[in-house]
Amino acid sequence: MISEASVNSLPESPGVYLFRDGDGRIVYIGKARNIRDRVRSYFRSDVKDIKTRTLVDTVHSIDLILTANEKEAFLLENNLIKEHAPKYNMLLKDDKSYVSLKLTVQDTYPALFTTRKIVDDGSLYFGPYPHARDVRDILRLMERLYPIRKCKMTAFRTRKRPCMLHELGKCPGPCVMPVDEAEYARTVEEVRDFLSGKDEKVLRDIERRMAKKVAAWDFEGAQILKERYQAIKAMTEKQHVHEHFGKNRDVWAFSEGPQTVSLVVLTFRRGVLISRRLYKERFYGEGARETMMTFLFQYYTSRPIPDEIILSEEMEDSDVLERYLTERKKGPVRIIGPSRRGVGDMVRLAVENLHETEVLPLDRSFRDALHLKAEPRRIEIYDISHIGGQNPTGAFTVFQDFKPAKDQYRVFHVRGDQTMDDVAMITEVLTRRVNNPDLGPLPDLFIIDGGKGQLAAAHKVLRVNRVDRDIISIAKGERRRRMQDVIYVPARKNPLALPRASAVFKEIVKMRDEAHRFAVASHRRWRRKENLK
């Protein structure tokens, strides 16, 4: 039986959970929008369903695979059930696959239609989609937006007169009448971009039309446009779990603890995520990175070697391992670091799957996850707020034993001339803080709201003033449009591989948000006073 503490420590994220029996066999695979809530429902004391009680009695451990959204969990669950055929899952005998959209770009006049059969014939495939109604919705939408043929080649070749779609203006009728190939090709290119996710122009146009409908009190028309907008958003959602005819990849993420390294590998075969395995290795004399490379050498000695190996950390000896694996496989093998373009989503997914159900106090979790010198009791978080360099305000908030100590919050009016330089301002604020003992004892951990530049400047202040304390920063990632928070630590090029579902990451984000709120409120008060004068 799984303990209540273990269930409560599960992440509140979408994904797939795997129940294992005492012998380690997978007995049930399920999907959930919120893994913790879904798994908790199995282990309630008031469950009366005999099937659920029978299942729960056999469960001795739980494995997780986190996904980016519920749709991916749906698709991944299907793959895993087909792969493992668990005892308590229903397995369809006809092995029906999901629906995809097929664009026959190799034809002179390409067509767009649905298919369940994926063939490597030069066509482009989009999806798969878990519900056939989703595909029907997008096909209807495409008919309204882009005139392109929908019939398959067998009907296209034998048709003698145009079909009803041509009469409705939804197809130019290339089957029986001359059509400008260049114009048709431009339409196909727009369809291709639209289905590939480059749909921002269409969405902006629909938003503009919705606003006009609402202004004219045409709420029924606005509702129709809203449904169309939502359909586009749903249908163009990127799929990370599936990629038709994708490469064979292993995606590794690492997390260093005290004398241990946690490693997780996500296995992709032909672009489909089929498994996740977690390892925990001890290391003593050598460092964590050397331990990781040794582990990878040993791992691929007895296992199939994929086309690509993606790592969440940059490794100095990765070129050595790459040459070794290329020789063993007798074919090209690429080892890719996290900074390579196009691998960020897979690396983030692997890092999310480093989550373990081990229950630890927050201070110990902070020390282990952030590699701190000591368990933090007092934490100070710093933020800068200004508008175009006017009324620049620096502020820090205090968390004592992970609870806000609001009576110890402090505000600094920046005195320097470089009021457009956040790095200079954080340097001034932190210098004034560490040299003023009246502001309270120095914290065990400094957290800076900013990127690598702000962190480097703040770390230099601590060194110059001989302050031996831990310091990290939290910032938005390079792709700010996706608003991904990342954690930086001194003397490290890449962000720290910290699962977003972990308690440590959530606590840092919560403290950063409180510091940002306080800094903005303080800046506004000062600005109002200056404006009143």
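Up top is the structure.
These notes cover the structure that comes with them.

## Here we look at the pairing of strand β1 (residues 15-20)
The element β1 is extensively covered by neighbouring structure, given that five of its six residues are classed as buried. Examined bridge by bridge, β1 and strand β3 (residues 61-66) share six bridges and lie antiparallel to one another. Within β3, the position partnered with Phe19 by the bridge is Ile62. Of the pairings in the sheet, the one linking β1 to strand β2 (residues 26-32) comprises six bridges and is antiparallel in character. Looking at β2, one finds that Arg20 is bridged to Ile26. The antiparallel pairing of β1 with β2 creates a hairpin that spans five residues between the two strands, and Gly24 there sits at a positive phi of about 85°.

## Structural notes on the sheet that holds β1
On the basis of which strands lie adjacent, the open sheet formed by three strands has the order β2-β1-β3 and antiparallel pairing. Every interior strand has two partners, whereas the edge strands, β2 and β3, have only one. Here the strands of the sheet are splayed against their neighbours by 20° on average, with no regard to which way each runs.

## Here we look at the environment of Ser339
Among the structural elements, Ser339 can be located in the loop between β11 (334-336) and α13 (344-352). The class of Ser339 is exposed, set by a relative accessible area of 53%.

## Details of helix α15 (residues 422-434)
End to end, α15 covers 18 Å across 13 residues, agreeing with the expected 18 Å (1.5 Å per residue, within 8%). What α15 keeps buried is the set Met425, Ile426, Glu428, Val429, Leu430, Arg433 and Val434. Close packing links the buried residues of α15 with β12 (378-387), β13 (390-400), β15 (410-413), β16 (445-449) and α16 (452-464). With a side-chain oxygen lying 3.0 Å from the backbone nitrogen of Val423, the N-terminal cap of α15 falls on Asp421.

## Re a nonpolar patch on the surface
On the surface, Val214, Trp217 and Phe219 cluster together to form a nonpolar patch covering roughly 380 Å² of accessible area. Mapped onto the elements of the fold, Val214 is located in helix α9 (residues 200-215). Using a relative accessible area of 41% as the deciding quantity, one classes Val214 as partly exposed.

## Quick word on the environment of Asp422
Looking at the element boundaries, Asp422 is found in helix α15. Beyond its immediate sequence surroundings of up to four residues, Asp422 is in contact with Ile384, His386 and Gln454. Among the polar contacts listed, one links the side chain of Asp422 to the side chain of His386, at a separation of 3.2 Å.

## Quick look at the pattern of salt bridges
Tallying each qualifying case throughout the model produces 32 salt bridges. Across the pair Arg20 and Asp63 runs a salt bridge whose closest N-O atoms are separated by 2.7 Å. Within this pair, whereas Arg20 is found in strand β1, its partner Asp63 is found in strand β3, the two being separated by 43 residues in sequence. Arg20 gets classed as partly exposed once you look at its relative accessible area, which sits at 22%. Judged by relative accessible area, which is 23%, Asp63 ranks as partly exposed. With a closest N to O distance of 3.1 Å, Glu308 and Arg334 form a salt bridge. Highlighted residues: Glu308 in strand β10 (residues 308-311) and Arg334 in strand β11, separated in sequence by 26 residues. Residue class for Glu308 comes out buried when judged on its relative accessible area of 4%. The class of Arg334 is partly exposed, set by a relative accessible area of 36%. When salt bridges with common partners are traced through the structure, they connect Arg364, Arg367, Asp368 and Glu375 into a single cluster.

## Considering a positive patch on the surface
Together, Arg524, Arg525, Arg528 and Lys529 make up a positively charged patch on the protein surface. Residue placement: Arg528 occurs in helix α17 (residues 503-532).

## Here's the deal with the packing of helix α14 (residues 362-370) against α17
Where α14 contacts α17, the axes come no closer than 9 Å and their chain directions differ by 100°. Taken as axis vectors, α14 and α17 run roughly perpendicular relative to one another. Here α14 contributes Leu362, Ser365, Phe366, Ala369 and Leu370 to the contact with α17, which in turn contributes Ala503, Val504, Glu507, Ile508 and Met511. In terms of residue class, the contact of α14 with α17 is built from eight nonpolar, one polar and one charged.

## Some words on α14
Residues Asp363, Ser365, Phe366, Asp368, Ala369 and Leu370 constitute the buried set of α14. Turning to α14, the residues buried within the fold contact β7 (249-257), β12, β16, β17 (470-476), β18 (485-488) and α17. Just downstream of α14, His371 is the residue with a positive phi angle, here 55°.

## Topic: the packing of α15 against α16
Running from N to C, α15 and α16 cross one another at 30°; their axes reach a closest spacing of 9 Å. Relative to α16, the element α15 is oriented roughly parallel. The chirality of how α15 crosses α16 is right-handed. Residues Asp422, Val423, Ile426, Thr427, Leu430, Thr431 and Val434 of α15 form the contact with α16, whose participating residues are Gly453, Gln454, Ala457, Ala458, Val461 and Leu462.

## Points about the side chain of Asp363
Tracing the chain through its elements places Asp363 in helix α14. Residue classification places Asp363 among the buried residues on the basis of a relative accessible area of 12%. Among residues more than four places away in sequence, those in contact with Asp363 are Glu375, Pro376, Arg377 and Phe402.

About the cut-offs
- Per chain, residue numbering runs from 1 following the sequence as it is written.
- For this predicted model, a pLDDT threshold of at least 70 governs which residues receive local features, and a threshold of 80 or more governs which side-chain atom pairs are given and counted, while totals over whole chains, interfaces and linings are taken from all residues.
- Only hydrogens and water are set aside when side-chain values are computed; all heavy atoms of the structure are taken into account.
- We call a residue buried when its accessible area falls under 20% of the maximum for its residue type, exposed when it is over 50%, and partly exposed in between, using a 1.4 Å probe and counting protein chains only.
- Runs of E in the DSSP output that reach at least two residues are strands. Runs of H or I that reach at least four are helices, and both are numbered from the N terminus.
- In this description, strands pair whenever DSSP reports at least two bridges between them.
- Between the N-to-C directions of two axes lies an angle of 0 to 180 degrees, each axis being a line fitted to C-alpha atoms and, for a helix, fitted only over the stretch in contact.
- Multiply 1.5 Å by the residue count of a helix minus one, and that product is the helix's expected span.
- Whether two residues touch is decided by their heavy atoms; if any such pair falls within 4.5 Å, the residues are in contact.
- As used in this structure description, the phrase polar contact means that two N or O atoms lie within 3.5 Å; if the pair is within protein, one of them must be able to donate a hydrogen and the other to accept it, and residues adjacent in sequence are counted only when both atoms belong to side chains.
- Only residues whose relative accessible area exceeds 30% and that form no salt bridge enter a patch; like-charged residues are grouped when within 9 Å of one another, and nonpolar side chains (Val, Leu, Ile, Met, Phe, Trp, Tyr) when within 5 Å.
- Here, Shrake-Rupley sampling with a 1.4 Å probe gives the accessible areas, and only protein chains in the shown set may cover a residue.
- Counted as salt bridges are all cases of a side-chain nitrogen of Lys or Arg within 4 Å of a carboxyl oxygen of Asp or Glu.
- Neither His nor the chain ends is counted toward charge; the positive residues are Lys and Arg and the negative residues Asp and Glu.
- By convention, charge coordinates are those of NZ in Lys, CZ in Arg, CG in Asp, or CD in Glu.
- Note that the term roughly parallel is reserved for angles under 35 degrees, roughly antiparallel for angles over 145, roughly perpendicular for angles of 65 to 115, and oblique for everything else.
- Under the grouping applied here, Gly and all other residues not named as nonpolar or charged are polar, the nonpolar ones being Ala, Val, Leu, Ile, Met, Phe, Trp, Tyr, Cys and Pro and the charged ones Asp, Glu, Lys and Arg.
- Handedness of a crossing is defined here by the sense of rotation of the near helix relative to the far one, left-handed for an anticlockwise turn of less than a right angle and right-handed for a clockwise turn.

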